[in-house]
Structure formats: structure tokens, C-alpha cells
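Read off the chains here:
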Amino acid sequence: AEPVGSTVGYHIRLEAKKTEATKLLFCTTGVLLRRLQMDCLLKGVTHIFVDEIHERDINSDFLLIILKRLLPCRPSLKIVLMSATLNAELFSA
């Protein structure tokens, strides 16, 4: 096994374990929103998984709006919305 922060890392508000070699980064909605402020096209990001999407709050709703607007500029970006209790009709269209 390899140490956390090598291939797989994480970033929460005041703590991060990641390197330049990190390929998979788990982060909070707030961290992703801050990254979008610095890099609105999310260069180098190929996939975004948003978990617990049914737990709606202002940050997650705002993130979804931004990601939806980003897709025409980044058609190769894959966004996966996940939830154990999702009502898919709320998120379609």
C-alpha cells in the first residue's frame, strides 16, 4: 500500500494530503468552489464526482450551477452525481 497523498489524496478546509503526483483527490464542496475561483476551467481535472447530492444546501446548489455552465466550455469533463436516495427527476434536463 502507498501512503495517502501519493496517488490518492484529500483536501478539506485547513488540511490537505496531496502532491503533484496525486491523480485522485477527495475534497469538500467548499474546496472545489475555491478552486473554481482560481481556475474556472478546472484545467487538469477530468472527472468530478459529487456525492450525497440529495443533501442540498446553498454550496452544493451553487456548485451544480457552475458545473452545468462549465460543461459547454469543457465537453470532455465528466460529472457524476451520486446519492443513495436521489429523486432523479429533480436533476434531469
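Above this text you will find the structure in question.
Residues numbered from 1 in each chain as written. Predicted model: local features only at pLDDT ≥ 70, side-chain atom pairs only at ≥ 80, totals over all residues. Heavy atoms only, no water.

Chemist: Hey, could you run me through a nonpolar patch on the surface in this one?
Modeler: A cluster of nonpolar side chains, contributed by Val8, Leu24 and Phe26, occupies part of the molecular surface with about 270 Å² of accessible area. Mapping Phe26 onto the fold places it in strand E3 (residues 24-27). Looking at Phe26, the relative accessible area reads 54%, which means it is exposed. (Patch = residues over 30% accessible without salt bridge, like charges linked within 9 Å, V, L, I, M, F, W, Y side chains within 5 Å. Areas by Shrake-Rupley, 256 points an atom, 1.4 Å probe, with all protein chains shown as cover. Salt bridge = Lys/Arg side-chain N within 4 Å of Asp/Glu carboxyl O. Helix = DSSP H or I, 4+ residues; strand = E, 2+ residues; numbered from the N terminus. Buried < 20%, exposed > 50% of the residue type's maximum accessible area, 1.4 Å probe, protein only.)

Chemist: How should I be thinking about the side chain of Asp39 in this particular structure?
Modeler: By the secondary structure assignment, Asp39 is in the loop between helix H1 (29-38) and strand E4 (47-50). Exposure remark for Asp39: the relative accessible area of 13% places this residue in the buried category. Within the local environment of Asp39, its side chain forms a polar contact with the backbone nitrogen of Lys43, the two atoms lying 2.8 Å apart. (Polar contact = N/O pair within 3.5 Å; in protein donor to acceptor, adjacent residues only side chain to side chain.)

Chemist: How should I be thinking about H1 in this particular structure?
Modeler: For the α-helix, the turn length of 3.6 residues means that residues three or four positions removed from each other point alike. Three or more residues of H1 are buried, namely Val31, Leu32, Leu33 and Leu36. Lining the buried residues of H1 we find strand E1 (8-12), E3, E4 and helix H2 (58-70). (Contact = heavy atoms within 4.5 Å.)

Chemist: What am I meant to see in a negative patch on the surface here?
Modeler: Residues Asp51, Glu52, Glu55 and Asp57 make up a contiguous surface patch of negative charge. Along the chain, Glu55 turns up in the loop between E4 and H2. (Lys, Arg positive; Asp, Glu negative; His and termini not counted. Charge placed at Lys NZ, Arg CZ, Asp CG, Glu CD.)

Chemist: What am I meant to see in the sheet that holds strand E2 (residues 15-17) here?
Modeler: The pairing of strands in a sheet comes from backbone hydrogen bonds and takes either a parallel or an antiparallel form. Ordered in space as E2-E1-E3, the three strands form an open sheet in which the pairing is mixed. Every other strand in the sheet has two partners, leaving E2 and E3 as the edge strands with one partner each. Within this sheet the neighbouring strands show an average axis-to-axis angle of 15°, counted without direction. (Pairing = 2+ DSSP bridges. Axes fitted to C-alpha atoms, helices over the stretch in contact; angles between N-to-C directions.)

Chemist: Would you take a moment to explain the environment of Lys23 for this structure?
Modeler: With respect to the helices and strands, the residue Lys23 is situated in the loop between E2 and E3. As for Lys23 and Lys78, which are separated by 55 residues in sequence, their C-alpha atoms are 15 Å apart. In this view, Lys23 contacts Ser6 and Thr7; residues no more than four positions away in its chain are not counted.

Chemist: What exactly am I supposed to notice about the nonpolar core here?
Modeler: In a soluble, globular protein the nonpolar side chains are often hidden away together inside. Membership of the largest hydrophobic core comes to 13 residues, with the highest contact counts inside it found for Leu36, Leu42, Ile48, Leu63 and Leu67. Tallying contributions element by element places H2 first for this core, with four residues. Non-local contacts of Leu63, meaning those with residues more than four positions away in its chain, are made with Thr29, Leu32, Leu33, Leu36 and Val50. (Core = buried A, V, L, I, M, F, W, Y, C linked by side-chain atoms within 4.5 Å.)

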